[in-house]
Amino acid sequence: MKYVDEFRDGVLAKNIAANIASEAHAGRSYRLMEFCGGHTHAISRYGIADLLPANVRMIHGPGCPVCVLPIGRIDQAIRLAREQGVILCTYADTMRVPASANLSLMRAKAQGADVRMIYSTQDALQVARDNPQREVVFLAIGFETTTPPTAVAVRQAAAEGLQNFSILCDHVLTPAAMHAILAGGVEIDGFVGPAHVSTVIGSKPYEPFADDYGKPVVIAGFEPLDVMQAILMLVRQVNDGRAEVENEFTRAVTREGNLKAQQLVAEVFELRDRFEWRGLGSVPHSALKLRPQFAAFDAEQKFMVEYVAVPDNKACECAAILRGQKRPQECKIFGTVCTPDNPVGSCMVSSEGACAAHYSYGRFRESA
Amino acid sequence: MSTVKPAYTRPLDFKHGRIDMSHGSGGRAMAQLITELFAAAFDNPYLAQGNDGALLPQAQGRLVMATDSHVVSPLFFAGGDIGCLSVHGTINDVAVMGATPLYLSASFILEEGFPLADLRRIVESMAQAARAAGVPIVTGDTKVVEQGKGDGVFITTTGVGVVPDGIHLSGDQTRPGDRILLSGTIGDHGMAILSQREGLTFSAPIVSDTAALHGLIAAMLDSGVQLRVLRDPTRGGLATTLNEIAGQSGVGMMLHETAIKVNQPVEAACEFLGLDPLYVANEGKLIAICAPEGADRLLAAMRAHPLGREAAIIGEVLADAHGFVQMTTRLGGRRVVDWLAGEQLPRIC
């Protein structure tokens, strides 16, 4: 298929792999973190690890929106649906994230809560228009990629005077999470930088990682050849002792990003003081909330549902895995108690989660 | 001379009429629906017996029986509808056992208020599919549920067939070295349904592949190749069906991504919606696993049939205690092709 096959070409992949193999110094290791779940998925689905030399190791980062949501945030959504009788609209990935009391949104739905799976914020608005007598809450999750559509929906709801629509805002920020990872002392030689997130925020916000932390960043698209090219570029930076922000994904990402989207987001949202992430703990200025003039659309205020922190399952290693300190297969319950059908931790839920990706695509590697 | 007037029943209004509760009552209205619609469309001597069950002639060979319920939404889609789908689905389940399908039953759960025009369209599509396949619908049942308790129409079909002596196809028969063949492109049915449901339009429409496969299967059996198992990869798609077989036989598999064909609009739609065609439902495709020495002959027999023109050898069976279905990716790497987790597309068939 045009514009897809070109980025999945096996011959080109072999060429890049040969370059990586010949340029990576045998005497050292390269620990590269792909921040985004989209990259994790591409690496697993296309078997990219098989094309890399043993000393180039990919560490899966926390860039999977459902993976970083702490249990308490899902609990909040379930409480809204069960106790306040709202129609809760959510993206599909969130449905199966484990919450407290052995619940998930999917199980709450089976027990009678009105939870609806939607594809876009526009669908959520339509549900609100179609059900004027019901309260409709959109569970707004995701990094900078999904934030602008939420901002559009809030603005539209305000313009239409749609009083039965509100959002439970769990939008989070990529650079803040990267800071938290580096501050946590994880050994990383460089980052494969986000694809879709960067189309919105541009490459500029990553410059501190290169300048202040001395970590190379190469922004890459989500196709397998993008990822391989980015790995080669990172190996070259490490070899040269350079730490720069380079852009492999020039077909979609500029240094400034999508200014219109940024403006829209700034108009509707402001920074939260702190936000709790699964795996990273409470991170300052790492998430967004609605500005006061849009308070009427803030479900947390409208329904007075407070966030209550809930500790993760003790056996679950999601936290260490999200920080890149452990690999999925190093978790005791990986593949036994915790599987994609019965996820204990959030990394096992979305196909972009490190554990689900390894379970679904890569676990033959341990059988050898 | 008698003054009793001859019985008169106003014919069903197939233009504006709707199903009401009386059509499931067991009374006159139900009898009329059966006579004017089902019996007229499915018309065959077994159904015409008019009894509670169909009395069928003695059959030669071991019997195969399969049943399938159909709840697809939307009821009408590019390439078919719930009617022909319910005929094809059950014929295929019987045929992949190596059986010649002989008879079908059809059971309808209708929702009060369902337009008779739509019901007639569905029933006629079933009748046409059954006639084309040469498999009569010999008995049936109709129930009506109140509005809001169903979704238009649900159809359950059951099929009976006979397996000739010497043929034994089963999921537990495959062994290392066997070849895995696929009769054509994957994902067409599922994406036809989904693109219609989501109102997605592509330059070329996605058409369901719904089809009765017993003709293709007969040609494959005639080739004389030692077949281990046949299966139609419906819900859960190619990946899930191969995992079932690997589990039954206690083997692993290695697929080759470049050998698995996906129609371009299907690939585009999957790309767009974030779905993997390996997990998307098919309704007119089959997987065949055979001994390695017969693979080329089987492939030729499949390609000679209109429903197998794009058949390909897509992989081989391996010894693997873990039962992994794996794939060499087009990039040259390797990955597991796992069971489908959760629900990818509800109400696809």
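Everything numeric in this text was worked out from a predicted model, so none of it was measured.

**A few points about the overall build of chain A**
- Within chain A, the regular secondary structure consists of 14 helices and 13 strands.
- Expressed along its principal axes, the backbone C-alpha trace of chain A runs to roughly 65 × 45 × 40 Å.
- Residues counted as buried form 57% of the 368 residues belonging to chain A.
- Restricting the contact set of chain A to residue pairs at least 6 apart, pairs at least 24 apart contribute 77%.
- Of the roughly 14600 Å² that chain A leaves accessible, carbon and sulfur atoms contribute 51%.
- Of the charged side chains in chain A, 37 are positive and 41 negative; the average position of the first set lies 4 Å away from that of the second.

**Description of the pattern of salt bridges**
- If you walk through the whole model with that rule in mind, you get 34 salt bridges over all chains.
- Between E135(A) and K302(A) there is a salt bridge, with the nearest N and O atoms lying 2.8 Å from each other. Taken as a pair, E135(A) in the loop between helix 5 (121–130) and strand 5 (136–142) and K302(A) in helix 12 (residues 299–302) lie far apart in primary sequence, 167 residues in all.
- Note on E135(A): relative accessible area 25%, which makes it partly exposed.
- Taken together, the shared-partner salt bridges in this structure form one network comprising D5(A), E257(B), E267(B) and R330(B).

**Digging into the layout of surface pockets**
All names here are of chain A.
- Computed from the structure, the second largest pocket encloses a volume of approximately 590 Å³.
- Lining of the second largest pocket is provided by 24 residues; of these, A49, R57, M58, R327 and R365 occupy positions nearest its centre.
- Elements supplying a minimum of two residues to the lining of the second largest pocket: helix 2 (37–45), strand 2 (56–63) and helix 14 (354–362).
- Among the elements that take part in the lining of the second largest pocket, strand 2 stands out by supplying 5 residues, more than any other.
- The class makeup of the residues in the lining of the second largest pocket is 12 nonpolar, 6 polar and 6 charged.
- Each of domain 1 (5–62 + 177–247) and domain 3 (318–359) contributes no fewer than three residues to the lining of the second largest pocket.

**Observations regarding the side chain of E257(B)**
Residues and elements named next belong to chain B.
- Topologically, E257 is positioned in the loop between strand 9 (252–256) and helix 8 (264–273).
- Residue class for E257 comes out buried when judged on its relative accessible area of 14%.
- Beyond its immediate chain neighbours, meaning those up to four positions away, E257 contacts M327, T328, T329 and R330.

**So, the domain arrangement of chain B**
Residue and element names in this part refer to chain B.
- Here chain B is described as being made up of domain 1 (21–163) and domain 2 (179–336).
- Between domain 1 and domain 2, the contact holds 21 residues from the first and 19 residues from the second.
- Across the domain 1/domain 2 interface, buried area totals approximately 1600 Å², and carbon plus sulfur atoms make up 61% of it.
- Considering only the side of domain 1, the residues that lose the most area to domain 2 are A78, N92 and V96, jointly responsible for 32% of the buried surface there.
- Across the contact surface, domain 1 and domain 2 share 0 salt bridges.
- The interface formed by domain 1 and domain 2 contains 10 residue pairs in polar contact (both at pLDDT 80 or more).
- For the side of domain 1 that touches domain 2, the elements supplying multiple residues, two or more each, are strand 2 (76–77) and helix 3 (82–95).
- With 8 residues, helix 3 is the single largest residue contributor to the side of domain 1 that touches domain 2.

**Considerations on unusual backbone geometry**
- The omega torsion of the bond from S73(B) to P74(B) falls at 5°, within 30 degrees of zero and hence cis.
- Its place among the elements puts P74(B) in the loop between strand 1 (62–70) and strand 2.
- Positioned with a positive phi, A101(A) is a non-glycine residue whose angle comes to about 55°.
- As for its placement among the helices and strands, A101(A) is situated in the loop between strand 3 (87–90) and helix 4 (105–110).
- Its identity as a non-glycine residue notwithstanding, N102(A) has a phi of 60°, on the positive side.
- Structurally, N102(A) can be placed in the loop between strand 3 and helix 4.
- The exposure class of N102(A) is exposed, given its relative accessible area of 62%.

**Remarks on the state of the cysteines**
- Overall, the coordinates contain 1 disulfide over all chains when judged by the stated rule.
- A sulfur-sulfur separation of 2.3 Å characterises the disulfide bridge that pairs C64(A) with C67(A). Between C64(A) and C67(A), the S-S torsion sits near 65°, and that sign places the bridge as right-handed. Of the two residues, C64(A) and C67(A), neither departs from the other in class, the shared state being buried.
- With no disulfide partner, C89(A) has as its closest neighbouring cysteine sulfur the one in C169(A), 16 Å distant.
- Cysteine C84(B) remains unbridged, with the sulfur of C349(B) as its closest cysteine sulfur at 13 Å.
- The buried category is assigned to C84(B), whose relative accessible area is 9%.

**Section: the interface of chain B and chain A**
- Each partner contributes residues to the interface: chain B has 22 residues there, and chain A has 29 residues.
- With both sides pooled, the region where chain B packs onto chain A buries about 2200 Å², and carbon together with sulfur makes up 56% of that total.
- Remark: the boundary between chain B and chain A carries 3 salt bridges.
- One salt bridge connects D5(A) with R330(B), and the closest N-O pair in it is separated by 3.1 Å.
- On the surface where chain B and chain A come into contact, there are 6 residue pairs in polar contact (both at pLDDT 80 or more).
- Looking at the side of chain B that touches chain A, the elements with two or more residues in it are helix 8 and strand 13 (334–336) of chain B.
- With 4 residues, the top contributor of residues to the side of chain B that touches chain A is helix 8 of chain B.

**Observations regarding the domain arrangement of chain A**
Residue and element names in this part refer to chain A.
- With domains assigned, chain A is organised as domain 1 (5–62 + 177–247), domain 2 (71–173 + 257–302) and domain 3 (318–359).
- Using only C-alpha atoms to locate each centre, domain 2 and domain 3 end up separated by 25 Å.
- Taken residue by residue, the interface counts 8 residues in domain 2 and 13 residues in domain 3.
- Summed over both partners, the interface of domain 2 with domain 3 buries about 800 Å², with 54% contributed by carbon and sulfur atoms.

**Concerning helix 3 (residues 71–83) of chain A**
Residue and element names in this part refer to chain A.
- Under the 1.5 Å per step criterion, the end-to-end length of helix 3 is 18 Å for 13 residues, consistent within 8% with the ideal 18 Å.
- Within helix 3, 10 of the 13 residues are buried, which leaves it mostly tucked inside the rest of the structure.
- Listed in full, the buried residues belonging to helix 3 are I71, G72, R73, I74, D75, Q76, A77, I78, L80 and A81.
- Following helix 3 by one or two positions, G85 has its phi on the positive side, about 65°.

**Remarks on the sheet that holds strand 12 (residues 325–328) of chain B**
All names here are of chain B.
- Spatially, 7 strands are ordered 8-10-7-11-9-12-13 in an open sheet, and the strand pairing comes out mixed. A strand with exactly one partner marks an edge of an open sheet, and here the two such strands are strand 8 (227–231) and strand 13. Across the sheet, the mean angle from the axis of one strand to that of its neighbour is 25°, orientation sign disregarded.

**A word on the nonpolar core**
- Formed by 101 residues in total, the largest nonpolar core has its most connected members in L105(A), F138(A), F165(A), I167(A), F269(A) and W277(A).
- The greatest single-element share of this core, amounting to 6 residues, is contributed by strand 5 of chain A.
- If sequence neighbours within four positions are ignored, F138(A) has contacts with C89(A), Y91(A), I118(A), T121(A), A124(A), T150(A), F165(A), S166(A), I167(A) and L168(A).
- Residues C84(B), L116(B), V123(B) and A129(B) belong to the second largest nonpolar core, which totals 41 residues.

How each quantity is defined
- Residues numbered from 1 in each chain as written.
- Chains lettered and ligands numbered in written order.
- Predicted model: local features only at pLDDT ≥ 70, side-chain atom pairs only at ≥ 80, totals over all residues.
- Heavy atoms only, no water.
- Helix = DSSP H or I, 4+ residues; strand = E, 2+ residues; numbered from the N terminus.
- Buried < 20%, exposed > 50% of the residue type's maximum accessible area, 1.4 Å probe, protein only.
- Contact = heavy atoms within 4.5 Å.
- Areas by Shrake-Rupley, 256 points an atom, 1.4 Å probe, with all protein chains shown as cover.
- Lys, Arg positive; Asp, Glu negative; His and termini not counted.
- Charge placed at Lys NZ, Arg CZ, Asp CG, Glu CD.
- Salt bridge = Lys/Arg side-chain N within 4 Å of Asp/Glu carboxyl O.
- 1 Å grid on protein atoms, 1.4 Å probe; cavity = no way out; pocket = protein on both sides within 12 Å on 5 of 7 lines; lining within 4 Å.
- Points joined across faces, edges and corners; volume = space filled by probe spheres on them.
- Nonpolar A, V, L, I, M, F, W, Y, C, P; charged D, E, K, R; others polar.
- Domains from an automatic or database assignment.
- Buried area = accessible area lost by both parts, 1.4 Å probe.
- Polar contact = N/O pair within 3.5 Å; in protein donor to acceptor, adjacent residues only side chain to side chain.
- Disulfide = S-S within 2.5 Å.
- Expected span 1.5 Å × (residues − 1).
- Pairing = 2+ DSSP bridges.
- Axes fitted to C-alpha atoms, helices over the stretch in contact; angles between N-to-C directions.
- Core = buried A, V, L, I, M, F, W, Y, C linked by side-chain atoms within 4.5 Å.

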